[in-house]
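Observations on the model geometry
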Amino acid sequence: MPLLFFDVLAGLVVFATVMALIPLNHWCFRGFDFPRLQILALAVVAIVGGLVSTPEWSIGHILCFLVLLGCAAYQLSMILPYTPLWPKQVQAHRSAMPAPDVKRQISLLVSNVLTSNQNKAALITLVRQHQPDIVMTLESDAAWEQALSVIEPDYPHVVRVPLDNLYGMHLYSRLPLIAPEVKFLLSPEIPSIHTQVRLRCGKCIWLYCLHPKPPSPTEATDSTLRDAELLMVGDHIQQHQQTCIVAGDLNDVAWSRTTRLFQRISGLLDPRVGRYFMNTFHVNYPMLRWSLDHVFHSTDFSLIQMQRMPNIGSDHFPVLTSLHYDPALDEVHDAPESTAADEQEAAARIEQGVEQACAEHPQHRVDPI
């Protein structure tokens, strides 16, 4: 290929890297948080192609090549923690202690079903095959609620929020739910479910089910409300020091500035760190996938398994996660810690989100957690 092709490719890599570094919330900047792996792949092609195609190296070529190397190194630093080359953030149960105690287990299936998806039987089959303790559906409307009613005999504890705006949400549980609440934290259109779950051993844990809007030309103009909602939950968890799980389609990637800040503020762990990307979106584009569906948890859980499930006809793959309540690990796990600067940044971004929510929806009362 001609050298010009690799020069253009290198320019795109530098542009995408710089755009993601700009700390503005507009979607045209935050959109570059997502394709880190793809940008790194383009950088590798540009580096190899440039080395092979450059006939002679001028000072300008050397400087440009060093900038390209720096961009590749930065992109690699973002995604390397989600590979086996990085230390595991969450201990696997099998390597830490005896066989799992079913009374201390909790398994959770998170599935963005895609409202228009007509293959509802695929999810029902998946539920019956794996029999998770909790099934969380996102984008589920009245039609999905009707279809999923067949699993309710096995899942007697249900929270229903059927909406036709792509932000409906349902929670089905074999385990007792204690005082579940549906909250509209920053928008009357975007629900979240907050509940306690009683494990079979009697321990009560908190579960937060989230699905904020993504920054995109067709959804939210910027990421302000998405970021504020996640950080509000993280701040609440930090203040109350809860045994908890946060799950859902966060419309953000694990390596974004916001998600990493959320982890430091909340002190929650990500079982993907040191293991895998767990890219769940988009089902139909294997070369353009990233991790939008998440499960974070407190330090007193070990990981039994976390796996991406087969395609059910949605644009997201479901994720099945099984955890084991191990309070002794609270002293073993190295929880992310926030700094004073993190606290100030989180508070400022929450305040910015509340102000924007009040401006966009003046009749809506911001729902406290």
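Now for a look at the structure at hand. As the structure is a prediction and not an experimental result, all values here were calculated from the model. (Residues numbered from 1 in each chain as written. Predicted model: local features only at pLDDT ≥ 70, side-chain atom pairs only at ≥ 80, totals over all residues. Heavy atoms only, no water.)

What about the overall build of the protein chain?
Secondary structure summary: the protein chain contains 10 helices and 11 strands in total. For 369 residues, the compact-globule estimate of 2.2 N^0.38 gives 21 Å, and the protein chain sits close to it at 22 Å. With the principal axes as the frame, the protein chain shows a C-alpha extent of 70 × 55 × 45 Å. Residue burial in the protein chain is summarised as follows: out of 369 residues, 54% are buried. Counted over contacts in the protein chain with a minimum sequence separation of 6, partners at least 24 positions apart contribute 70%. Working note: accessible area of the protein chain is about 16,000 Å², and carbon and sulfur atoms make up 60% of it. Considering the protein chain, the positive charge centre built from 25 side chains and the negative charge centre built from 36 side chains are found 7 Å apart. (Helix = DSSP H or I, 4+ residues; strand = E, 2+ residues; numbered from the N terminus. Rg over C-alpha atoms; globule rule 2.2 N^0.38 Å. Buried < 20%, exposed > 50% of the residue type's maximum accessible area, 1.4 Å probe, protein only. Contact = heavy atoms within 4.5 Å. Areas by Shrake-Rupley, 256 points an atom, 1.4 Å probe, with all protein chains shown as cover. Lys, Arg positive; Asp, Glu negative; His and termini not counted. Charge placed at Lys NZ, Arg CZ, Asp CG, Glu CD.)

Regarding the sheet that holds strand β7 (residues 204-210)
Strand order in this open sheet of five strands is β5-β6-β7-β8-β9, and the pairing throughout is mixed. Each edge of the sheet is formed by a strand with only one pairing partner; in this case those strands are β5 (177-183) and β9 (293-297). Ignoring strand direction, the axes of neighbouring strands in this sheet form an average angle of 15 degrees. Pairing analysis gives six bridges linking strand β6 (residues 192-198) to β7, with the strands arranged antiparallel. Each bridged residue has a counterpart across the sheet, and for V197 the counterpart in β7 is I205. Against the sheet, helix α8 (residues 224-240) touches β6, β7 and β8 (244-249), its axis set at about 170 degrees to β7. (Pairing = 2+ DSSP bridges. Axes fitted to C-alpha atoms, helices over the stretch in contact; angles between N-to-C directions.)

Here we look at the pattern of salt bridges
Taken as a whole and assessed by the stated rule, the structure comprises 13 salt bridges. The shortest N-O distance in the salt bridge between D227 and R349 comes to 3.0 Å. Separated by 122 residues along the polypeptide, D227 in helix α8 and R349 in helix α10 (residues 340-360) bring together distant segments of the chain. Pair check on accessibility: D227 and R349 agree, each one buried. A salt bridge links R349 to E345; the shortest N-O distance between them is 2.9 Å. Placement of both R349 and E345 in helix α10 is noted, with a separation of four residues, approximately one turn of the helix. Owing to a relative accessible area of 13%, R349 belongs among the buried residues under this scheme. Judged by its relative accessible area of 19%, E345 is buried. One connected set of salt bridges, linked through shared partners, spans R226, D227, D252, R257, E345 and R349. (Salt bridge = Lys/Arg side-chain N within 4 Å of Asp/Glu carboxyl O.)

Description of the pairing of strand β4 (residues 169-173)
Every regular strand shows the same layout, with side chains that alternate between the two sheet faces. A large share of β4 lies buried, amounting to five of its five residues. Every second residue of β4 is oriented toward a common face, with M169, L171 and S173 on one face and H170 and Y172 on the other, all of them buried. Of the strand pairs in this sheet, strand β3 (residues 157-161) and β4 are connected by five bridges, and their pairing is antiparallel. By the bridge assignment for β4, V159 is matched with L171.

Brief notes about the packing of aromatic side chains
In this description, an aromatic ring pair is defined by two values, namely the gap between the centres and the angle between the planes. Within this structure, the stated rule accounts for eight aromatic pairs. Relative to F32, the ring of F15 lies with its centre 5.8 Å away and its plane at 90 degrees, an arrangement referred to as edge-to-face. With F15 in helix α1 (residues 3-21) and F32 in the loop between α2 (27-30) and α3 (36-53), the pair connects residues that are 17 residues apart, well separated along the chain. You can call F15 partly exposed: its relative accessible area is 46%. By relative accessible area, F32 is classed as partly exposed at 22%. Ring centres of W206 and Y208 lie 6.0 Å apart, and the angle between their planes is 15 degrees; on these two criteria the pair is classed as stacked. According to the relative accessible area criterion, Y208 is buried, its value standing at 1%. Here the aromatic residues Y82, W255 and F277 are joined through ring pairs into a cluster of three or more. K120 extends its terminal NZ or CZ atom over the ring of W144, reaching a point 4.9 Å from the ring centre. The side chain of R174 reaches across the aromatic face of Y155, ending 4.5 Å from its centre. (Phe/Tyr/Trp six-rings, centres within 6.5 Å; stacked < 30°, edge-to-face > 60°. Lys NZ or Arg CZ within 6 Å of the ring centre and 35° of its normal.)

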